[in-house]
Amino acid sequence: MEVLNPRVRLAWGVGAVVTAVIVGVLAAVVSRFTLGPGVTVGLAVALGALALGLVFAVLRYRTWRFEVRDDDLYLERGVLTRVNTVVPFVRVQHVDTQRGPVERALGLASVVVYTAGSRGADVSIPGLTPERADDLQEQLRRLAIESERETDAV
Amino acid sequence: MKLHPLSIPYRAASRGLSAGLMLFFVGRSLGDAEALPVPMAGPALVTLAAVGVVGAAAWQVAYYRRFEYRLTGDGLEIASGVVSRRNREIPLGRIQNVDISRNVIQRALGVAVLDIETAGGGATEASLRYVGYDEAKRVQREIQRLKRGAEDAESGTEPDERADPEERGTVLFELQSGELLLLSALSFDFRYLSLLAFGPAALPFVPGVAELAFLGGMLLVALLVVALWVLSAGMTFARYYDFRLTRLGDELRYERGLLQRYDGSIPLGKVQALTLDANVLMRRFGYATLAVETAGYGPGQAPSGGSEAAVPLATRERVLRLAREVEDFEVPAFSRPPERARTRYAVRYALVLAGLAAVLFALQAVVGPPAPIPFPLAVVPLAFLLVVPVAAHLKWRNRGYAVGEDHVLTRNGFWTRTTKVVPYYRVQTVIQSATVFQRRRRLASVVVDTASSAGGVAAAVDVDAETARELRETVGEKLQASLAARRGEADRESDLDSSRRD
């Protein structure tokens with residue numbers, strides 16, 4: 001089983017900071033109009049949200065793992081709800097690599113796998129180095145084509 | 001080919017009316033504000049509305065002139081658009097369903113809507129509004145013929161060898177009037193109960209004794225429930241009036257509907273899953289319904305809706321027989337979730353009731369005037385605690401999954417028990433998940449996802465964690481095995497064809 005690059009915790013951490021700021025501002029505004037004190041409540045809420053987000057980022061990193069098996073891609077993840085997904089290569093429609101601004105700054109990339117399934121139509125693996133992401137994309141693409149001998153995928 | 005000429009007046013009438021009305025009301029509300037140089041009253045308003053009607057009509061003429069479609073050996077080509085042009089080609093092999101629908105007015109005019117569904121996107125891929133009914137039927141037939149022709153060309157057989165599909169159509173199922181009435185009576189959709197939320201608004205305000213109001217309220221709710229039941233029965237009756245399912249070569253055809261007539265085709269090769277439904281009443285009398293799911297959508301359905309192409313009601317044996325015509329599956333013994341899942345449901349229900357009671361209690365303590373009944377309102381949910389064990393047991397009893405030779409089956413739900421049959425070779429992804437609460441009891445759920453867009457996935461809920469892991473791996477392996485088997489079959493067939501040609 002492969003684990004994600006540890007730097008992904010930083011990426012998730014940045015996400016947690018952004019969420020914390022938004023939640024804090026919202027809480028400050030709401031409390032200003034209802035309870036009276038604005039800034040203190042907002043700050044407290046923001047700090048709480050940040051702590052929660054950081055703990056989550058760490059736990060999420062610990063549970064995330066994936067494996068390219070013989071016939072399928074297998075993923076395990078989830079802090080509160082543990083999710084294990086099996087994506088057979090035959091079902092892969094296309095594979096993307098993605099790099100957001102934060103990911104670019106940290107030198108990370110994600111691979112997104114699309115299937116025709118009605119649920120969880122896209123499976124994404126975050127926290128890969130760009131080289132690993134490109135490799136994985138290429139590997140999945142190759143495996144998908146190799147296993148694609150059926151004419152009717154859907 | 002062009003659309004039917006009558007589509008101009010029909011579209012103009014429906015669109016023009018709404019455009020005219022909109023302009024009329026916009027003009028009136030602006031006229032009040034005195035924001036316009038011309039006072040919006042009387043003749044000016046009528047003129048504005050007329051402009052809307054004429055404008056819409058002119059647009060429809062342009063739309064008609066610019067809309068063209070053509071059925072070729074490769075697929076359906078559509079060129080449309082008045083201002084921005086759009087050319088679209090739908091490959092034959094990608095077409096999932098072809099559906100024709102006509103409402104009362106369209107039937108009188110002899111026109112129909114032709115909808116072409118493909119697997120992609122969130123909506124109908126192409127919609128021809130409106131073509132002549134005969135033309136719609138022709139296109140529907142022609143698509144099937146061309147498709148088969150393309151397959152034959154691939155496998156090397158002569159298309160002429162096959163008999164005329166029109167003669168080979170066999171009626172699989174016809175809904176008798178008795179069955180239709182029974183279906184209407186039995187198929188109460190519990191979603192209609194949500195309409196009861198509007199009940200209080202419909203309640204006439206009667207000043208008087210609170211107790212009387214309570215009794216009256218109960219009576220009114222009972223009346224409303226009956227009215228909703230009648231409404232639901234009426235809707236079902238109109239929906240499935242004169243239902244007929246035929247098999248035409250490798251396609252299923254269905255026809256149904258009283259006010260709005262539907263007429264659709266489902267290629268058997270595109271079937272993603274089968275759904276057998278039976279609500280409490282149907283189970284009691286030994287009936288069930290069947291839905292055939294494809295990656296396209298049913299006619300007149302929101303993307304999340306269910307398949308319309310189904311057997312609305314028949315005895316359980318007949319439904320099973322029909323389902324096997326579509327997909328040859330056996331029904332293995334279902335395994336139920338472990339008993340600790342039942343405890344979980346009981347605890348969950350009890351917690352919900354306790355929470356409800358707490359809320360009611362708090363409400364009454366803070367704002368409430370004394371209840372019109374001689375005991376505190378919070379007791380009502382607590383009384384339901386008595387039935388919690390029964391409810392938990394029923395929920396648990398109706399859950400399960402079964403691993404067959406070529407299919408995996410899942411079953412869920414007490415009020416409406418849904419059995420899903422998924423062929424392994426249709427599996428897209430397998431997802432095993434376990435929430436915090438499930439992990440506490442070593443339980444997990446396995447979702448077997450297909451490309452079906454009918455809504456509702458096959459899920460084995462609350463099975464033992466270890467069993468869930470095994471199920472996940474088994475389904476994945478069976479998918480690979482079935483793919484290999486199909487490949488072998490295809491290879492053998494092509495060998496046979498080449499030897500026949502030699």
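This structure is a prediction, so every number in the text was calculated from the model and none was measured. (Residues numbered from 1 in each chain as written. Chains lettered and ligands numbered in written order. Predicted model: local features only at pLDDT ≥ 70, side-chain atom pairs only at ≥ 80, totals over all residues. Heavy atoms only, no water.)

Which parts of the structure should I look at to understand the overall build of chain B?
Looking only at helices and strands, one finds 15 helices and 19 strands in chain B. Taking all 502 residues of chain B together, the buried fraction comes to 43%. Long-range pairs, those at least 24 residues apart, make up 61% of the contacts in chain B between residues at least 6 apart in sequence. Just so you have it, chain B exposes about 25800 Å², and 62% of that area is on carbon and sulfur atoms. (Helix = DSSP H or I, 4+ residues; strand = E, 2+ residues; numbered from the N terminus. Buried < 20%, exposed > 50% of the residue type's maximum accessible area, 1.4 Å probe, protein only. Contact = heavy atoms within 4.5 Å. Areas by Shrake-Rupley, 256 points an atom, 1.4 Å probe, with all protein chains shown as cover.)

Explain the interface of chain B and chain A here, please?
Often, the extent of an interface is quoted as the loss of accessible area upon association of its parts. Taken together, the 33 residues of chain B in the interface contact 26 residues of chain A. Summed over both partners, the interface of chain B with chain A comes to about 2600 Å²; 47% of that surface belongs to carbon and sulfur atoms. Broken down residue by residue, the surface that chain B buries against chain A is led by Q428(B), Q480(B) and R487(B), which jointly contribute 21%. There are one salt bridge connecting chain B and chain A. Residues E473(B) and R69(A) are paired through a salt bridge, measuring 3.2 Å at the closest nitrogen-oxygen approach. (Buried area = accessible area lost by both parts, 1.4 Å probe. Salt bridge = Lys/Arg side-chain N within 4 Å of Asp/Glu carboxyl O.)

Can you help me understand the nonpolar core in this one?
Most often, soluble globular proteins keep nonpolar side chains buried together rather than apart. Residues and elements named next belong to chain B. Grouped together as the largest cluster of nonpolar side chains are 34 residues, with contacts concentrated most on F173, L274 and L290. Listing elements by their share of this core, those giving two or more residues are β7 (170-174), α6 (177-186), β9 (251-256), β10 (261-267), β11 (273-279), β12 (287-293), β13 (310-315) and α10 (316-326). When neighbours within four sequence positions are excluded, L290 is seen to be in contact with L274, T275, L276, A310, V311, V319, L322 and A323. (Core = buried A, V, L, I, M, F, W, Y, C linked by side-chain atoms within 4.5 Å.)

Just to check I follow, could you spell out the sheet that holds β7(B) for this structure?
Remark on secondary structure: sheet strands pair via backbone hydrogen bonds, oriented parallel or antiparallel. Residue and element names in this part refer to chain B. Across the sheet, seven strands lie side by side as β6-β5-β4-β10-β9-β8-β7; this open sheet has antiparallel pairing. The open sheet is flanked by β6 (126-132) and β7, the only strands paired with a single partner. The mean angle between the axes of side-by-side strands here comes to 20°, regardless of whether they run parallel or antiparallel. Each of β7, β8 (244-248) and β9 is contacted by α10, which is oriented at about 145° to β7, the strand it contacts most. (Pairing = 2+ DSSP bridges. Axes fitted to C-alpha atoms, helices over the stretch in contact; angles between N-to-C directions.)

It is not clear to me how the UniProt feature "transmembrane region" (unreviewed entry) in chain A should be interpreted in this structure. Could you clarify?
All names here are of chain A. As annotated in UniProt, the feature "transmembrane region" (unreviewed entry) corresponds to residues 12-33 and 39-59 in the numbering used here. Structurally, residues 12-33 comprises 100% helix and 0% strand, and the distance from its first C-alpha atom to its last is 32 Å. Between the C-alpha atoms that bound residues 39-59 there is a distance of 30 Å. The span itself is 100% helix and 0% strand. (UniProt positions renumbered as here; feature names shortened; annotations may be inferred.)

What am I meant to see in the packing of helix α1 (residues 8-34) of chain A against helix α2 (residues 39-63) of chain A here?
Residue and element names in this part refer to chain A. Remark: α1 packs on α2, axes separated minimally by 7 Å, with the N-to-C direction vectors making an angle of 155°. By the angle class used here, α1 and α2 are roughly antiparallel. Note that α1 runs across α2; the crossing there is right-handed. Side by side, α1 and α2 meet where V8, R9, W12, G13, A16, V17, A20, V23, G24, A27, A28 and S31 of the first sit next to V41, G42, V45, A46, A49, L50, G53, L54, A57, V58, R60 and Y61 of the second. The class makeup of the residues in the contact of α1 with α2 is 17 nonpolar, five polar and two charged. (Parallel < 35°, antiparallel > 145°, perpendicular 65-115°, else oblique. Left-handed = near helix turned anticlockwise from the far one by under 90°. Nonpolar A, V, L, I, M, F, W, Y, C, P; charged D, E, K, R; others polar.)

What's the story with the environment of L175(B) in this structure? I'm lost.
Residues and elements named next belong to chain B. Looking at the element boundaries, L175 is found in the loop between β7 and α6. Its relative accessible area of 12% is what places L175 among the buried residues. Sequence separation between L175 and P312 is 137 residues, and the spatial gap between their C-alpha atoms is 8.1 Å. The contact partners of L175, leaving out residues within four places of it in the chain, are L180, L183, Y240, F243, P312 and L313.

Please explain the side chain of T419(B) as it appears in this structure.
Here T419(B) is to be found in strand β16 (residues 416-423). Aside from chain neighbours lying at most four places away, what touches T419(B) is L274(B), T275(B), L276(B), F334(B), L409(B), T410(B) and R411(B).

Just to check I follow, could you spell out a negative patch on the surface for this structure?
All names here are of chain B. On the surface, D328, E330, E405 and D406 cluster together into a negatively charged patch. When you line up the elements, E330 lands in the loop between α10 and α11 (339-366). Exposure remark for E330: the relative accessible area of 35% places this residue in the partly exposed category. (Patch = residues over 30% accessible without salt bridge, like charges linked within 9 Å, V, L, I, M, F, W, Y side chains within 5 Å. Lys, Arg positive; Asp, Glu negative; His and termini not counted. Charge placed at Lys NZ, Arg CZ, Asp CG, Glu CD.)

What should I look at first to understand the packing of aromatic side chains in this one?
The way to describe two aromatic rings as a pair is by their centre distance and the angle between their planes. Evaluated as defined, the whole model comprises six aromatic pairs over all chains. Geometrically, the ring pair formed by F237(B) and Y241(B) is tilted, given 5.9 Å between the ring centres and 50° between the ring planes. Looking at F237(B), the relative accessible area reads 27%, which means it is partly exposed. Ring-pair connections join several aromatic residues into one group, and the members of that group are F173(B), Y240(B) and F243(B). The residue whose ring lies beneath R9(A) is Y61(A), and the NZ or CZ to ring-centre distance is 4.7 Å. (Phe/Tyr/Trp six-rings, centres within 6.5 Å; stacked < 30°, edge-to-face > 60°. Lys NZ or Arg CZ within 6 Å of the ring centre and 35° of its normal.)

I tried to follow unusual backbone geometry on my own but got confused; where do I start?
If a residue is not glycine, its phi is most likely negative; likewise, a peptide bond is most likely trans. Residue and element names in this part refer to chain B. Cis geometry is found at the peptide bond from R129 to Y130, where omega equals 0°. Within the secondary structure, Y130 sits in strand β6. Phi angles above zero are rare outside glycine, and D242 is one such case at about 55°. Tracing the chain through its elements places D242 in the loop between α8 (210-240) and β8. Under the relative-accessibility criterion, D242 is labelled partly exposed at 40%.

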